[in-house]
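Here is how the chains run, residue by residue.
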Amino acid sequence: SQLVELKVKNDNNLDEKETKYILAMSLKDVELAELRARMEAAGAACRKADETLRDQQERYNERMMTVQERDRCTLKTFEMKMNEEREANNVRMKLLHTIF
């Protein structure tokens, strides 16, 4: 009779420990799921920020190419005008040499 009572007490004690263990593991599973959700949200935010930065970099590169192209055109125009001015000066100098 005492042996049966001890066994029942042991079983109850074991059930209580088992229940506590299962509860603790369930809490860990919930914490792990919450952590995963936070990590996924952080990952999504990082991907969004990366995409935004990539878009900004592309727009910047396009603007720089436009500015560089404009500068090249301005330089070519300047060089053409300088060449025209040089030619005009050469013509004037030849004219002056023929006069004097």
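How each quantity is defined
Starting afresh in each chain, residues are numbered from 1 along the sequence in its written order. For this predicted model, a pLDDT threshold of at least 70 governs which residues receive local features, and a threshold of 80 or more governs which side-chain atom pairs are given and counted, while totals over whole chains, interfaces and linings are taken from all residues. Water and hydrogen atoms were dropped before computing side-chain values, which therefore reflect all heavy atoms in the structure. Only DSSP runs of H or I reaching four residues or more are called helices, and only runs of E reaching two or more are called strands; each is numbered from the N terminus. Relative accessibility under 20% of the residue-type maximum defines a buried residue, over 50% an exposed one, and the middle range a partly exposed one, all with a 1.4 Å probe and only protein chains included. Residues qualify for a patch when their relative accessible area is over 30% and they have no salt bridge, like charges being joined within 9 Å and the nonpolar side chains of Val, Leu, Ile, Met, Phe, Trp and Tyr within 5 Å. Each accessible area is a Shrake-Rupley result for a 1.4 Å probe, and residues are judged covered by the shown protein chains and nothing else. What counts as a salt bridge is simple: a side-chain nitrogen of Lys or Arg found within 4 Å of a carboxyl oxygen of Asp or Glu. Charge counting treats Lys and Arg as positive and Asp and Glu as negative, with His and both chain ends excluded. Each charge is placed at NZ for Lys, CZ for Arg, CG for Asp and CD for Glu.

Caption draft 1: View of the overall build of the protein chain. Along its length, the protein chain carries 1 helix and 0 strands. A buried classification covers 1% of the 100 residues belonging to the protein chain.

Caption draft 2: View of a nonpolar patch on the surface. Nonpolar side chains collect at one region of the surface, where Met93, Leu95, Leu96, Ile99 and Phe100 lie side by side and expose about 590 Å² of accessible area between them. Checked against the element boundaries, Met93 lands in helix H1 (residues 2-99). Owing to a relative accessible area of 44%, Met93 belongs among the partly exposed residues under this scheme.

Caption draft 3: Representation of a negative patch on the surface within the structure. Taken together, the side chains of Glu51, Asp55, Glu58 and Glu62 present a region of like negative charge at the surface. Position of Glu58 among the secondary structure elements: in helix H1.

Caption draft 4: Examining the pattern of salt bridges more closely. Applying the stated criterion across every chain yields a total of 6 salt bridges. Between Lys20 and Glu16 there is a salt bridge, with the nearest N and O atoms lying 3.5 Å from each other. In this pair, Lys20 and Glu16 both sit in helix H1, 4 residues apart, roughly one turn of the helix. By relative accessible area, Glu16 is classed as partly exposed at 45%. Put simply, Lys28 and Glu31 hold a salt bridge, and the shortest N to O gap is 3.7 Å.

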